[in-house]
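Structural characterization, general
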Amino acid sequence: MKGILTQVRTYERSVQLLMVNQFTINLGFYMLMPYLAAHLSGTLGLAGWVVGLVLGIRNFSQQGMFLVGGTLADRLGYKPMIVAGCVLRTAGFATLGLVDSLAALIAASAATGLAGALFNPAVRAYLAADAGERRVEAFALFNVFYQAGILLGPLAGMVLTGVDFRVTCLVAAGIFALLSVVQIRALPARRAEDSRGKENQDRDGVLSQWRGILANRPFLLFSGAMIGSYVLSFQVYLALPLEVRRLGGDGEFGTAAVAVLFAVSGLSTILGQTRVTAWCKARYEPGRALALGLAVMGAAFLPLLMATAVPVPESGVGLWMLAAVPPTLAALLLAIGTMIAYPFEMDTIVRLSGDRLVATHYGLYNTICGVGITLGNLLTGAALDAAREAGMPALPWISLVALGLACAAALYGLHRTGRLTTPAPEPQPAVA
């Protein structure tokens, strides 16, 4: 960890602050969100469909507004959107802990989602701009802070929720309130830079800018190919815990084994991200590194596939090993694949944007991948159900391996044809 902090200190103050901010953002978010469903269904006694509605609105408001958030960041500046997102999440989290009416809960949930849509594209565009030629290394460090927040947030939330969930909400809101003040006082103002000049950027209408991005075929192809990485990595929250509980049950063992999945994923990233990035950058071009990362993520499900050939013991240590070891290996390989791909992924978006409207590109990219995650999870859930009904436990793992390899092949093809290094030419206005 000392080496990581030493590397962070070599960057400008704005970059250092953005990394600490992201850790704090994730700490506050993940100390609350894992326990929200239990609060809504247990403490407030809401029906299951209402709980799903409240949580779904948060996700929809975030994914659906990423493009708008990115566009506002490019037009108004990165700092205002980061501050606005933190303030909005402060209000949203405080409201979740203080109200019990459905209308207020829905409004608070939508506010927390919108907050993410405002500051996520702005933070990444700001980091890319101020890191300059060291973007890849900066995003590697950024991922370390990102994962550290995800790892520590639920632990802090577990302690606070043991007292009262309202305490968790108010502490999370307090964290975001403090973060808002820090942004206002310490984060330098930063506006998007347009290679054609600020005047031209302001003169362009929003719809014109969006049409230009949608005409950027290399960017859209890259976004589509990268959907697989998000579907695969999300299985740490979906397919892997379900597999652990299918074999190990819902008791203490199942709970502990699921906790190990998250710990392995987070700790491996914190300890290994910068080393993995340095190793890949010294040996591979960005496109090859991306393809390798997706291939490793696809291969992460091979231990689960091989485990389906092993007879399931009725009880004892053998059953526990079968329930815990293959999913844990899968979580570790998913983390390694993400470590390989993530810094080059963030850097490629900037290059394909041509350093123009970077936050808007990040916003559209997040929306595309968010829609892909939703569809991918629906299909994964359907495959898990079909596998159980048909007695074919290998089906979901074969599908996920195939998805990883297909996306890796697509990325390698984009790399070989030069589409990951050159943005599409900017559309020229028609001559009257």
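Up top you'll find the structure we're talking about.
Quick caveat, the model's predicted, so the values are computed rather than measured. (Residues numbered from 1 in each chain as written. Predicted model: local features only at pLDDT ≥ 70, side-chain atom pairs only at ≥ 80, totals over all residues. Heavy atoms only, no water.)

Looking at the overall build of the protein chain
What the protein chain contains, in helices and strands, is 17 helices and zero strands. For the protein chain, the C-alpha radius of gyration of 22 Å lies close to 22 Å, the compact-globule estimate for 432 residues. Principal axes of the C-alpha set define a box for the protein chain whose edges measure 75 × 55 × 50 Å. Across the 432 residues of the protein chain, 50% fall into the buried class. Restricting to contacts in the protein chain with at least 6 residues of sequence separation, those with at least 24 account for 84%. Total accessible area on the protein chain stands at roughly 18,600 Å², and carbon and sulfur atoms take up 68% of it. (Helix = DSSP H or I, 4+ residues; strand = E, 2+ residues; numbered from the N terminus. Rg over C-alpha atoms; globule rule 2.2 N^0.38 Å. Buried < 20%, exposed > 50% of the residue type's maximum accessible area, 1.4 Å probe, protein only. Contact = heavy atoms within 4.5 Å. Areas by Shrake-Rupley, 256 points an atom, 1.4 Å probe, with all protein chains shown as cover.)

With respect to the nonpolar core
M19, L32, F93, F222, L240, F301 and Y362 are the most contacted members of the largest nonpolar core, which has 110 residues in total. By residue number, the principal contributor to this core is helix α2 (residues 13–43), which donates 13 residues. Residues within four places of F93 in sequence aside, it is in contact with G28, F29, L32, M33, T112, C169, A172, A173 and F176. In terms of nonpolar packing, the next biggest core, distinct from the first, is built from five residues, L247, A307, L322 and A323 among them. (Core = buried A, V, L, I, M, F, W, Y, C linked by side-chain atoms within 4.5 Å.)

As for α2
With 31 residues, α2 should reach 45 Å at 1.5 Å per residue; the first-to-last C-alpha distance of 43 Å fits that figure. Maximal helix bending in α2 amounts to about 40°, located at Y35. (Expected span 1.5 Å × (residues − 1). Bend = angle between axes of the 7 residues up to and from the residue.)

Regarding unusual backbone geometry
Glycine aside, the phi torsion of most residues is negative, and most peptide linkages are trans. With phi around 60°, D355 is a residue other than glycine that occupies positive phi space. Here D355 lies in the loop between α15 (317–353) and α16 (358–390). At L357, a position not held by glycine, the phi torsion is positive, near 55°. Along the chain, L357 falls in the loop between α15 and α16.

A word on the packing of α2 against helix α5 (residues 102–131)
Between α2 and α5, the least distance of the axes is 11 Å, while the angle of their chain directions is 155°. The orientation of α2 relative to α5 falls into the category roughly antiparallel. Crossing of α2 over α5 shows left-handed handedness. Contacts between α2 and α5 involve S14, V15, L18, M19, Q22, I25 and L40 from the first element and L105, F119, V123, R124, Y126, L127, D130 and A131 from the second. (Axes fitted to C-alpha atoms, helices over the stretch in contact; angles between N-to-C directions. Parallel < 35°, antiparallel > 145°, perpendicular 65-115°, else oblique. Left-handed = near helix turned anticlockwise from the far one by under 90°.)

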